[in-house]
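# Structural features, examined
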Amino acid sequence: AISKLTHDCERVHEISLNLFLPNQMDRHFAIQDLIDANAIDQIDEVFSAPVSPVFKIRAIRKLYGDNLAGTVTPRLLNSLDSLLSCNLAAINCVHRYDQIPSGEFLVRDLYNTDFSRCYLALKHLCSCPSSEIFPLLKDSWIEEAHNDYGAHYFFINLFGSIPDWSVEAMSWIIEVLVASIFNVRPQFQKSRSASVLALAKLNPMILCEFIEEILAARDSLPWDMRYSLIQAIDKYSELDKVSKRKIILEISADDDDVFVQARAGMAIAL
């Protein structure tokens, strides 16, 4: 309020301390306060907060929505890449385990309503032997996670974070990721872009095979999914430069979203 009334922004940075409080609601309120204060300088702290990506994306759209395209820098795009691919190294969890829990406990914590605990469980599960956790994940997915939009998102990211799944597990996971890409139920929208990137990490050629089908519904694709498609082709595909450029231009054609255009421009410029 002081910032908006007097234009004195000296203490706005103190709001960022609330992004890492134990109570998740306090973290959510802190993001809204930073949006209201137009605190673009605190965007790095927002990126590292252990909250749902939905809140971070909203902050990005609000803080940069009325600014010129020139403010969408490569540094910002790299941070957005990190956010959409759920880069755990960039997230500051506010919770810790006293001792490493069992696989069953970690999988169950992916359903936690506090995203800090979900991210913490995800970090530990990424280092577990894939052969040990896959049966737990598959059973939990079939029983509940496929229809729980919070856990759904974390399962998708976990699937894409482990490269050494067995042949049987990989086949099943690929089917799950493809189905998630085409899942248009509103509550599962944040999983769609996550599924694009997870599939690109595990098997980029399969993603390329679905590009035309995905773009057939271009008008209904959320901006972050269009962005993630460009990110996936740019970072994970094994295509030559000419083929990459062609697909990226096809994805971004006539797209008036500043972030999609900026990400396409960065990819093509490399």
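Scroll up a little and you will see the structure.
The structure contained in this document is the topic of the report that follows. (Residues numbered from 1 in each chain as written. Predicted model: local features only at pLDDT ≥ 70, side-chain atom pairs only at ≥ 80, totals over all residues. Heavy atoms only, no water.)

### Focus: the environment of Ile 31
Worth spelling out the cut-off: In this text, helices come from DSSP runs of H or I with a minimum length of four residues, and strands from runs of E with a minimum of two, each type numbered from the N-terminal end. Note on contacts: a residue pair qualifies if any of its non-hydrogen atoms lie within 4.5 Å across the two residues.
Within the element layout of this structure, Ile 31 appears in helix α2 (residues 24-36). When the C-alpha positions of Ile 31 and Ser 16 are compared, they lie 8.1 Å apart, and in sequence the two are 15 residues distant. Residue contacts for Ile 31: discarding those within four places in its chain leaves Leu 19, Val 46, Val 51, Phe 55 and Ala 59.

### Some thoughts on the layout of surface pockets
As a reminder of what qualifies: Residues are called lining when one of their atoms sits within 4 Å of a cavity or pocket point, these points coming from a 1 Å grid over the protein atoms alone, where a cavity is a set in which a 1.4 Å probe fits but cannot get out and a pocket is an open set with protein on both sides within 12 Å along at least five of seven lines. Grid points are joined across faces, edges and corners, and a volume is the space filled by probe spheres set on the points. Lys, Arg, Asp and Glu make up the charged group, whereas Ala, Val, Leu, Ile, Met, Phe, Trp, Tyr, Cys and Pro make up the nonpolar group; the residues left over, Gly among them, are polar.
Put simply, the largest pocket is a space of about 290 Å³. Lining the largest pocket, in full, are Ala 1, Ile 2, Ser 3, Lys 4, Asp 8, Glu 10, Arg 11, Val 12, Ile 15, Asp 33, Asp 36 and Ala 37. Residue assignment for the lining of the largest pocket shows that the elements contributing at least two residues are α1 (2-6) and α2. For the lining of the largest pocket, the element with the most residues is α1, which contributes three residues. By residue class, the composition of the lining of the largest pocket is five nonpolar, one polar and six charged. In terms of lining residues, the second largest pocket is bounded by Gln 24, His 28, Ser 52, Phe 55, Tyr 111, Asn 112, Thr 113, Phe 115, Asp 148, Tyr 149, Gly 150 and Lys 190. For the lining of the second largest pocket, the elements supplying multiple residues, two or more each, are α2 and α9 (149-161). For the lining of the second largest pocket, the class distribution of residues is four nonpolar, six polar and two charged.

### Re helix α14 (residues 241-252)
Every α-helix carries 3.6 residues per turn, so stepping three or four residues along brings you back to the same face. Quick reminder of the rule: The span expected for a helix works out to 1.5 Å for each residue beyond the first. The cut-offs for exposure are 20% and 50% of the maximum accessible area for each residue type, with area from a 1.4 Å probe on protein chains only; residues under the lower value are buried, those over the upper are exposed, and the others partly exposed. Read the arc as the range of directions from the helix axis to the C-beta atoms. We call two N or O atoms a polar contact when they sit within 3.5 Å, provided that within protein one can donate a hydrogen and the other can accept it, with sequence-adjacent residues counted only if both atoms are side-chain atoms.
The first and last C-alpha atoms of α14 sit 16 Å apart over twelve residues, in line with the 16 Å expected at 1.5 Å per residue. For α14, every residue scored as buried is listed here: Lys 244, Ile 247, Ile 248, Ile 251 and Ser 252. For α14, the angular spread of buried residues about the axis comes to 125 degrees, placing them on one side. Turned more than 90 degrees away from the buried face of α14 sit Val 242 and Lys 246, all of them exposed. One side-chain oxygen of the residue at the start of α14 lies 3.1 Å from the amide nitrogen of Val 242, identifying that residue as Asp 240. Directly after α14, the chain includes Asp 254, whose backbone phi takes a positive value near 60 degrees.

### Observations regarding empty space enclosed by the protein
One pass over the full model with this rule turns up one cavity of 30 Å³ or more. Taken as a whole, the largest cavity holds about 60 Å³ of empty space. Lining the largest cavity, in full, are Pro 53, Val 54, Ile 57, Leu 83, Leu 84, Tyr 153, Lys 190, Ser 193, Ala 194 and Asp 224. Among the elements of the structure, α4 (53-64), α5 (74-84) and α11 (189-202) are those that each provide at least two residues to the lining of the largest cavity. Each residue belonging to the lining of the largest cavity can be placed in one class, and the counts come to seven nonpolar, one polar and two charged.

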